[in-house]
Amino acid sequence: MILHLFSYGAFFTTVALTYAIICLGLNVQWGQTGLFNVGVAGFVGLGAYVSALLTTPHSAEHIGGFGLPILAGWLGAALAAGLATLCVGWLTLRLRADYLAIATFGFAVVVQLCLLNLQPITGGALGIAFIPRPFAASAHDPARFGALNLAVMAAVVLALYLALERLGRSPWGRVLRAIREDETAALALGKNATRFRLQAFAIGGAIMGLGGAAQGHFIGFIAPDNYLPMLTFQVWVMLIVGGSGNNRGAILGAIVVWGIWALSASAIAAVVPADQQARTASLQIVLIGVALCAILLLRPRGILGEVRIVSRHLLPGSRLRQRLPHADRR
Amino acid sequence: MPPMDAVAGEAPFIEARDLVKQFGGMRVVDGMSIALARGEMVGLIGPNGAGKSTMFNLLAGSLRPTSGEIIMDGADISSEGPETRIAHGLGRTFQIPRPFGEMTVLENVLTGGQGQSGERLWVNFLRPRRVATEEKAAVEKARGLLDFLRLTPLALEPARVLSGGQRKLLELARILMADPQAILLDEPAAGVNPALLELIIDRVQALHAQGRTILLIEHNMEMVARLCSRVAVMATGRLLAQGTPGEVARDPAVLRAYLGSTA
Ligand SMILES: Nc1ncnc2c1ncn2[C@@H]1O[C@H](COP(=O)(O)OP(=O)(O)OP(=O)(O)O)[C@@H](O)[C@H]1O
Ligand SMILES: [Mg+2]
């Protein structure tokens, strides 16, 4: 029983951490740069499929299946999603902010349609199964398997967290914040705003792709239905709940919101008769919406809020991490 | 009107030729020409709405001219964006200061730094030591500038808490961090109290003494007279007069423009 609970806990946390990766990516784009990406699902889906195609064994049902190691799949996913983000960004970042929203949304729709219809490559609506899972060799021992996967995912999240914190506190991150605060002033100081924004956008996209790949490999099966706008919505809620602009907030928000989501799913499954469950699934969305409203009312900046980031090399510790006051901003 | 001959014989460091900026049907800058020799300090005066700040926005690349040319050190930079001006050695301040409100005063100044390798993404991971060393030097320099402008006690406050006058000083500190050869100062002393005014005059004079080229917009004629040997007067988008502060102050056309009867 205990062991069963542990496996379930490990499974739950690992999935939450894959969302945390995606959420960290969105935080680079929105929280730190102010780029409004409403096509998160597209970048995640792209990453998941690229990694799946790179790592699955050769298949008769669809082209691809290169049988590469999982790590190569992850890197390929990040690279592909990063490049796709770069393209979308390059086309739209010079334009006004609302165009980016439309373009990213369009991108997600296109990706979804491609996944669904490019059957020879993606397997169509059935998706791709038998994606190699990390530590598949110990799959017979659920506790061990769960613990190992959890450890890897935690290590990935930690590494990303540390790298993003370093970037945030670097001169690069400082310029990014300056551009977000006042682009005209940053330009007058010789900062190429387009370049910085493009970089941040691409990094965020690459991280989302990595998150998609990590998720796909952990679950072992992907289908176009996983990458509907609902996913974008979930990730946004996670970031807002946790605290936009704060990397720890992004991670925490992913865990909390995924928790609410998973618990409500099992609650509904337990209470509602099976033939009605498809309909009551929308109750979950309502629940998430209510939770979001509650958090925003109680803590308008999310659970953790944005921390004031100061260059790593600056000052004695005391003032380094002041939290912004909740009043008088924006 | 021909461009002002800064110092006869020497090619100007900054030169604007027949600049025009049209907003809708209104020619806010209407065939304005001006030239500054290297190391020269020139005052740009004129009534409210004459087009002085718009002229700065054109020179600094924040606005594209409708027509006309901007030559910097012999190179035509008319079509370049604002972010390349610093590389040409040209910096500017804004009439209405634009601090990065949520960043500390010190960070605001640090953002003015040029060519720090830590501004390149990968270098932060590949050469962290180098980034740290450069950052230390930058902080040192920024602290010096904050001292210079008496902002040190506020170094760690977010810039949004600064008063109007302090924002003006920060604006100046930030662009000085970039070490531009030429600086466009848009009313650096507006809204600054008399004690600070002396300080700013003093600082601008020091910058000039370092050999920088300065174009100064200012309504305070006393300050202009003390700082600039040459003054250009702008009215309704055109160059109305030029000369020593004494000459333009006696010019009847200038007096009429200030009394609002040129239109
Ligand atoms: N973006 C714009 N669109 C339309 N009109 C503008 C724009 N910017 C400036 N103007 C107009 O151009 C004229 C000149 O403005 P500008 O700011 O250059 O004046 P100024 O000489 O700096 O005045 P002041 O001494 O009051 O600062 C004003 O009448 C202003 O309304
Ligand atoms: Mg003005």
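Values in this document were obtained by computation on a predicted structure and should not be read as measured data.

1. Points about the overall build of chain B
For step 1, the next point in the chain: Along its length, chain B carries 9 helices and 10 strands.
For step 2, the next point in the chain: Whereas a compact globule of 263 residues would reach a radius of gyration of roughly 18 Å, chain B reaches 19 Å, a difference of no more than 12%.
For step 3, the next point in the chain: The principal-axis extents of the C-alpha atoms in chain B amount to approximately 60 × 40 × 40 Å.
For step 4, the next point in the chain: Across the 263 residues in chain B, those meeting the buried criterion constitute 55%.

2. Observations concerning the site of ligand 1
All names here are of chain B.
For step 1, the next point in the chain: Phe23, Val28, Asn48, Gly49, Ala50, Gly51, Lys52, Ser53, Thr54, Gln95, Glu187 and His219 make up every residue found near ligand 1.
For step 2, the next point in the chain: The separation between an oxygen atom of ligand 1 and a polar main-chain atom of Ala50 is 3.2 Å.
For step 3, the next point in the chain: Within the contact set of ligand 1, an oxygen atom lies 2.6 Å away from a side-chain nitrogen or oxygen of Thr54.
For step 4, the next point in the chain: Contact with the protein chains hides 62% of the accessible area of ligand 1, taken as 640 Å² for the molecule alone.
For step 5, the next point in the chain: Among the elements that take part in the shell around ligand 1, helix α1 (residues 52–59) stands out by supplying 3 residues, more than any other.
For step 6, the next point in the chain: Its residues placed into classes, the shell around ligand 1 shows 3 nonpolar, 7 polar and 2 charged.

3. What to know about the coordination of the magnesium ion (ligand 2)
Residues and elements named next belong to chain B.
For step 1, the next point in the chain: Coordination of the magnesium ion (ligand 2) by the protein comes from Ser53 (OG) and Gln95 (OE1), over a distance range of 1.9 to 2.0 Å. Of the two residues, Ser53 is situated in helix α1 and Gln95 in the loop between β6 (90–92) and α2 (105–111); the sequence distance between them amounts to 42 residues.
For step 2, the next point in the chain: Under the relative-accessibility criterion, Ser53 is labelled partly exposed at 23%.

4. Some thoughts on the packing of helix α11 (residues 247–271) of chain A against helix α12 (residues 277–298) of chain A
Residue and element names in this part refer to chain A.
For step 1, the next point in the chain: At a minimum axis separation of 10 Å, α11 and α12 run at an interaxial angle of 145°. The way α11 lies across α12 gives a crossing that is right-handed. Contacts from Val257, Ile260, Trp261, Ser264, Ala265, Ile268 and Ala269 in α11 reach Gln277, Thr280, Leu283, Gln284, Ile285, Leu287, Ile288 and Ala291 in α12.
For step 2, the next point in the chain: In terms of residue class, the contact of α11 with α12 is made up of 11 nonpolar, 4 polar and no charged.

5. Structural notes on the domain arrangement of chain B
Residue and element names in this part refer to chain B.
For step 1, the next point in the chain: Split into domains, chain B comes out as domain 1 (1–98 + 181–263) and domain 2 (100–161).
For step 2, the next point in the chain: Each of domain 1 and domain 2 has a C-alpha centre, and the two are 29 Å apart.
For step 3, the next point in the chain: With 5 residues of domain 1 in contact, the opposing surface of domain 2 contributes 5 residues.
For step 4, the next point in the chain: Taken together, the two surfaces of domain 1 and domain 2 that pack against each other cover about 510 Å², and 65% of this comes from carbon and sulfur.

6. Focus: the environment of Pro194 of chain B
Residue and element names in this part refer to chain B.
For step 1, the next point in the chain: Secondary-structure assignment places Pro194 in helix α6 (residues 194–209).
For step 2, the next point in the chain: With a relative accessible area of 65%, Pro194 lands in the exposed category.
For step 3, the next point in the chain: Remark: the alpha-carbon pair of Pro194 and Leu215, spanning 21 residues in sequence, is separated by 22 Å.

7. What to know about the interface of chain A and chain B
For step 1, the next point in the chain: Taken together, the 37 residues of chain A in the interface contact 37 residues of chain B.
For step 2, the next point in the chain: Here chain A packs against chain B, burying approximately 3400 Å² in sum over the two surfaces, 63% of which is carbon and sulfur.
For step 3, the next point in the chain: The tally of links between chain A and chain B comes to 4 salt bridges.
For step 4, the next point in the chain: Between Glu107 of chain B and Arg177 of chain A there is a salt bridge whose closest N-O contact spans 3.1 Å.
For step 5, the next point in the chain: Taken together, the links from chain A to chain B amount to 13 residue pairs in polar contact (both at pLDDT 80 or more).
For step 6, the next point in the chain: Elements with a contribution of two residues or more to the side of chain A that touches chain B: α6 (142–168), α7 (171–181), α8 (183–188) and α9 (193–219) of chain A.
For step 7, the next point in the chain: For the side of chain A that touches chain B, the element with the most residues is α7 of chain A, which contributes 7 residues.

What counts and how
- Residues numbered from 1 in each chain as written.
- Chains lettered and ligands numbered in written order.
- Predicted model: local features only at pLDDT ≥ 70, side-chain atom pairs only at ≥ 80, totals over all residues.
- Heavy atoms only, no water.
- Helix = DSSP H or I, 4+ residues; strand = E, 2+ residues; numbered from the N terminus.
- Rg over C-alpha atoms; globule rule 2.2 N^0.38 Å.
- Buried < 20%, exposed > 50% of the residue type's maximum accessible area, 1.4 Å probe, protein only.
- Near = heavy atom within 4 Å.
- Polar contact = N/O pair within 3.5 Å; in protein donor to acceptor, adjacent residues only side chain to side chain.
- Areas by Shrake-Rupley, 256 points an atom, 1.4 Å probe, with all protein chains shown as cover.
- Nonpolar A, V, L, I, M, F, W, Y, C, P; charged D, E, K, R; others polar.
- Donors = N, O, S within 2.8 Å, 3.2 Å for Na, K, Ca; no water.
- Axes fitted to C-alpha atoms, helices over the stretch in contact; angles between N-to-C directions.
- Left-handed = near helix turned anticlockwise from the far one by under 90°.
- Contact = heavy atoms within 4.5 Å.
- Domains from an automatic or database assignment.
- Buried area = accessible area lost by both parts, 1.4 Å probe.
- Salt bridge = Lys/Arg side-chain N within 4 Å of Asp/Glu carboxyl O.

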